[in-house]
Amino acid sequence: MTLRPKPEEPRRPTATLVRHDDGGLVWYEARGAGWRAAFSTRLGGFSAAPFDSLNLGISTADDPACVRRNRAAFAAAAGVAADDLVVAGQVHGTAIAEVGRGHRGRGAHGPSDVVPETDGLLTRAAGVPLFVSFADCVPVLLVAGRPAQALALVHAGWRGMVAGIVGEAARVLGASGAARAAVIGPSIGPCCFAVS
């Protein structure tokens, strides 16, 4: 008689992206035990060309009033207060900043008070909405614990990926327990953007 190893059952994803269309504002959501993530598209906002229409990047040449309206609309659709957003001051690096309830509102209304020089945000506090902007970069969410004990949200551009920002986020998050979920958000594809 020979023994064969039992085949591994396929792993079920811990989260799937669900598409929402709230009166033209199109976005995607992933959720799990004690966490949820919302990923915007460019559809359903107030910005004029070339930012049309749901531009959430306050550090662009877009009208800041339009960006604030876009952020308020997207935050409302996602069920968070726009005034509570904690925004990373992205530089295409590997810095991860830990934030808590006292950081709510940092960068919510303009670039002058973002969490500086960071491409990743980590929180161990419930009710702290983390925010990164992305266009041709990739948003990555890591969740530790079940239910979630901590979250890390990363702006992963090619420079940050090469330098190891996702691994750094996993390392920093490790103090809160093993990563239980990872969500790679929507991003630009090779059809529209290529790098050497």
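Look a little higher up for the structure.
Since the model is a prediction, treat every value here as computed from it, not as a measurement.

J.: What is the right way to read the overall build of the protein from this model?
T.: When helices and strands are tallied, the protein shows three helices and ten strands. The proportion of buried residues among the 196 residues of the protein is 40%. In the protein, the proportion of contacts linking residues at least 24 apart, taken out of those at least 6 apart, comes to 54%.

J.: Even after reading the chapter, I still don't get the pairing of strand E3 (residues 35-40), so can you show me in this structure?
T.: Within a regular strand, side chains alternate between the sheet's two faces. In terms of strand pairing, strand E2 (residues 25-32) meets E3 through six bridges, oriented antiparallel. Counterpart to Arg-31 in the pairing with E3 is Arg-36. Linking E2 back to E3 in an antiparallel pair, the connection comprises two residues, with Gly-34 at a positive phi of about 85 degrees.

J.: What exactly am I supposed to notice about unusual backbone geometry here?
T.: Cis geometry is found at the peptide bond from Ala-49 to Pro-50, where omega equals 5 degrees. Mapping Pro-50 onto the fold places it in the loop between E3 and helix H1 (64-78). Following Asp-52, the chain continues into Ser-53 via a peptide bond in cis, with omega recorded as -5 degrees. As for its position among the elements, Ser-53 is in the loop between E3 and H1. In the Ramachandran plot, His-92 falls in the positive-phi region, its phi being about 60 degrees despite a non-glycine side chain. Along the chain, His-92 turns up in the loop between strand E4 (86-87) and strand E5 (96-99). We classify His-92 as partly exposed; its relative accessible area is 36%. The residue Glu-117 is not glycine, and still its phi comes out positive at about 50 degrees. Looking at the element boundaries, Glu-117 is found in the loop between E5 and strand E6 (120-123). On the basis of relative accessibility, which here comes to 60%, the residue Glu-117 falls in the exposed class.

J.: It is not clear to me how the layout of surface pockets should be interpreted in this structure. Could you clarify?
T.: Take a probe with the size of a water molecule and roll it over the atoms, and the empty space left behind shows itself. What the second largest pocket holds in volume is close to 170 Å³. Forming the boundary of the second largest pocket are 13 residues, of which Asp-136, Cys-137, Gly-157, Trp-158 and Phe-193 lie nearest the centre. Among the elements that make up the lining of the second largest pocket, the one with the highest residue count is helix H2 (residues 158-163) (three residues). Of the residues contributing to the lining of the second largest pocket, the split by class is eight nonpolar, three polar and two charged.

J.: What should I look at first to understand the nonpolar core in this one?
T.: Soluble globular proteins: nonpolar side chains tend toward being buried together. Counting 21 residues, the largest nonpolar core has Trp-35, Val-99, Leu-121, Leu-130, Leu-141, Val-143 and Leu-151 as its most contacted members. Those elements giving two or more residues to this core turn out to be E3, E5, strand E8 (138-144), strand E9 (150-156) and strand E10 (179-184). For this core, the element with the highest residue contribution is E3, accounting for three residues. When neighbours within four sequence positions are excluded, Leu-121 is seen to be in contact with Val-86, Val-87, Ala-88, Ala-97, Val-99, Val-115, Leu-130, Phe-131, Leu-151, Ala-152 and Leu-153.

J.: Looking at this model, I keep getting lost on the sheet that holds strand E1 (residues 18-22). Mind explaining?
T.: By definition, the strands of a sheet pair up through backbone hydrogen bonds, in either a parallel or an antiparallel sense. With antiparallel pairing, three strands are arranged side by side in an open sheet as E1-E2-E3. At either end of the open sheet lies a strand with only one pairing partner, and these are E1 and E3. Strand after strand, the sheet turns through a mean of 30 degrees between neighbouring axes, direction not considered. The sheet contact formed by E1 and E2 spans five bridges and is antiparallel. Of the residues in E2, the one forming a bridge with Asp-21 is Val-26. The sheet strands contacting H1 are E1, E2 and E3, and the helix crosses E2 at an angle near 40 degrees.

Basis of the calculations
- Residues numbered from 1 in each chain as written.
- Predicted model: local features only at pLDDT ≥ 70, side-chain atom pairs only at ≥ 80, totals over all residues.
- Heavy atoms only, no water.
- Helix = DSSP H or I, 4+ residues; strand = E, 2+ residues; numbered from the N terminus.
- Buried < 20%, exposed > 50% of the residue type's maximum accessible area, 1.4 Å probe, protein only.
- Contact = heavy atoms within 4.5 Å.
- Pairing = 2+ DSSP bridges.
- 1 Å grid on protein atoms, 1.4 Å probe; cavity = no way out; pocket = protein on both sides within 12 Å on 5 of 7 lines; lining within 4 Å.
- Points joined across faces, edges and corners; volume = space filled by probe spheres on them.
- Nonpolar A, V, L, I, M, F, W, Y, C, P; charged D, E, K, R; others polar.
- Core = buried A, V, L, I, M, F, W, Y, C linked by side-chain atoms within 4.5 Å.
- Axes fitted to C-alpha atoms, helices over the stretch in contact; angles between N-to-C directions.

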